[in-house]
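A look at the structure
Below are the chains, spelled out letter by letter.
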Amino acid sequence: MKESTIRLIQYFTALLIFILIGFHLGIFTQFLGPGYSAGLDYLSVLERMKNAFYDTIYLILLFSLLTHGFIGIRNIMFEIFLTSSIRRIITLALIIVYIFFLLYGALPIFYGVEECITCV
Amino acid sequence: MADRKRYRFKDNLWGIWGWYGNLKFNLERYLYLIHRLTGVGLVLFLLLHIIVTSSRMYGEAAWIETESIIQNPLYDLGMLLVIGALIFHGLNGIRLILLEYGLLIGKPTQPIYPYKPTLKRRTPRLLIILMMLIGTVFFLIALYEFLLVWGVLS
């Protein structure tokens, strides 16, 4: 992939994150959602996980954040390590970690939406 | 050519210390430095956040256990710091994109005597001030939320 394309992906994901993070944090405020403590309540979390809209938002946010973050880390690493062989190793290592966290982060969105035991 | 060969693998001798330079920065360079530091910090937080929130898939008991660990004033303070970093990184990033695409700073024209600057030289500095103002408002909203949690406000 061309470096200019990677830079464009960096900008596009940045704009996506800017909008979606506002939404994500907004849930934990009294103005837009139940507030910080109530938003962390298991029942509240389950309700959001059962909602396809929230699931979609979280998936896009997870993908955007990881993509943006790992491109940023790659840029910094490329500034420090200049040899092409080391750069290839860095890219490969970052892709492996990226895929691992993408899958690990997506798992709770699809899996484990069981009933709440202590909730009424 | 000789210099190029000599410094082939030593171009970036300072590494990340080069971000700090000789500490004679202008405002934009300080913003660059903070943007980098917050960026690295936020990636580390993101990975931690994914690990912590994934405890939800192991059931309610695991979630409550995780919640009991993270719900303390020290963690909240760290969270507030992360939110501050996030607000700064986001707003500064938007500023950088606007400047990179030459938006809001006018269009360059062919220089004809008597030369007059066509680019709006004050706009980049105004963007920084605007960024700080918007950032402060966002941060105060987050702070208000945490003051409610800590019981300082009711």
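What counts, and where the lines are drawn
- Residues numbered from 1 in each chain as written.
- Chains lettered and ligands numbered in written order.
- Predicted model: local features only at pLDDT ≥ 70, side-chain atom pairs only at ≥ 80, totals over all residues.
- Helix = DSSP H or I, 4+ residues; strand = E, 2+ residues; numbered from the N terminus.
- Rg over C-alpha atoms; globule rule 2.2 N^0.38 Å.
- Buried ≥ 20, exposed ≤ 12 C-beta atoms within 10 Å, placed from the backbone.
- Contact = placed C-beta atoms within 7 Å.
- Core = buried A, V, L, I, M, F, W, Y, C linked by C-beta atoms within 7 Å.
- Nonpolar A, V, L, I, M, F, W, Y, C, P; charged D, E, K, R; others polar.
- Expected span 1.5 Å × (residues − 1).
- Axes fitted to C-alpha atoms, helices over the stretch in contact; angles between N-to-C directions.
- Parallel < 35°, antiparallel > 145°, perpendicular 65-115°, else oblique.
- Left-handed = near helix turned anticlockwise from the far one by under 90°.
- pLDDT = per-residue confidence, 0-100.

Secondary structure assignment for chain B yields five helices and zero strands. The linear arrangement of helices and strands in chain B, starting from the amino end, is α-α-α-α-α. Taken against the 2.2 N^0.38 rule, which gives 15 Å for 154 residues, the C-alpha radius of gyration of chain B at 22 Å runs more than 25% over that of a compact globule. The principal-axis extents of the C-alpha atoms in chain B amount to approximately 75 × 45 × 30 Å. Across the 154 residues of chain B, 12% fall into the buried class. The long-range share in chain B, meaning contacts at least 24 apart out of those at least 6 apart in sequence, stands at 56%.

Note that Leu 15 of chain A resides in helix 1 (residues 3-26). Counting along the chain gives 82 residues from Leu 15 of chain A to Val 97 of chain A, while the straight-line C-alpha distance between them is 23 Å.

Before going further, it helps to spend a moment on the nonpolar core. Counting nine residues, the largest nonpolar core is built from Ala 14, Ile 17, Tyr 58, Leu 62, Leu 65, Leu 66, Phe 101 and Ile 109 of chain A together with Ile 50 of chain B. Going through the elements one at a time, helix 1, helix 4 (52-80) and helix 5 (84-110) of chain A are the ones with two or more residues in this core. If you tally residues by element for this core, the top one is helix 4 of chain A, at four residues. Once residues within four sequence positions are removed from consideration, Leu 65 of chain A is found in contact with Ile 17 of chain A together with Leu 46 of chain B. Core analysis: the second largest hydrophobic core is formed by seven residues, Ile 83, Leu 86, Leu 91 and Ala 142 of chain B among them.

With that out of the way, let us pick up the interface of chain B and chain A. Across the boundary between the two partners, chain B contributes 31 residues, which contact 32 residues of chain A. Secondary structure elements with two or more residues in the side of chain B that touches chain A: helix 2 (27-53), helix 3 (60-70), helix 4 (73-100) and helix 5 (123-150) of chain B. Among the elements that make up the side of chain B that touches chain A, the one with the highest residue count is helix 2 of chain B (seven residues). Looking at the side of chain B that touches chain A residue by residue, the class counts come to 18 nonpolar, eight polar and five charged.

What follows covers helix 4 of chain A. Its 29 residues place the ends of helix 4 of chain A 42 Å apart at the C-alpha level, agreeing with the 42 Å of an ideal helix rising 1.5 Å per residue. Among all positions of helix 4 of chain A, only Tyr 58, Leu 62, Ser 64, Leu 65, Leu 66, Thr 67, His 68, Gly 69 and Gly 72 of chain A are buried. The elements touched by buried residues of helix 4 of chain A are helix 1 and helix 5 of chain A together with helix 2 of chain B.

Glancing now at the packing of helix 1 of chain A against helix 4 of chain A. All names here are of chain A. Two elements in contact, helix 1 and helix 4, have axes whose closest approach is 8 Å; the angle formed by their N-to-C orientations is 135 degrees. Here helix 4 runs oblique to helix 1, going by the angle between their axes. Taken as a pair, helix 1 and helix 4 cross one another with a handedness that is left-handed. Along the contact surface, helix 1 presents Ile 6, Ile 9, Gln 10, Thr 13, Ala 14, Leu 16, Ile 17, Leu 20, Phe 23 and His 24, while helix 4 presents Ile 57, Ile 60, Leu 61, Ser 64, Leu 65, Thr 67, His 68 and Ile 71.

This part takes up helix 4 of chain B. Under the 1.5 Å per step criterion, the end-to-end length of helix 4 of chain B is 40 Å for 28 residues, consistent within 8% with the ideal 40 Å. Within helix 4 of chain B, the full set of buried residues consists of Ile 83, Leu 86, Ile 87, Phe 88, His 89, Gly 90, Leu 91, Asn 92 and Gly 93 of chain B. Lining the buried residues of helix 4 of chain B we find helix 1 of chain A together with helix 2 and helix 5 of chain B. Positive backbone phi, approximately 70 degrees, marks Gly 102 of chain B, located one or two places after helix 4 of chain B.

This part is about the confidence of the model for chain B. Chain-level statistics for chain B give a pLDDT mean of 84 and a share of 91% at 70 or above. For this predicted complex, the interface confidence score (ipTM) comes to 0.89, while the overall pTM stands at 0.86.

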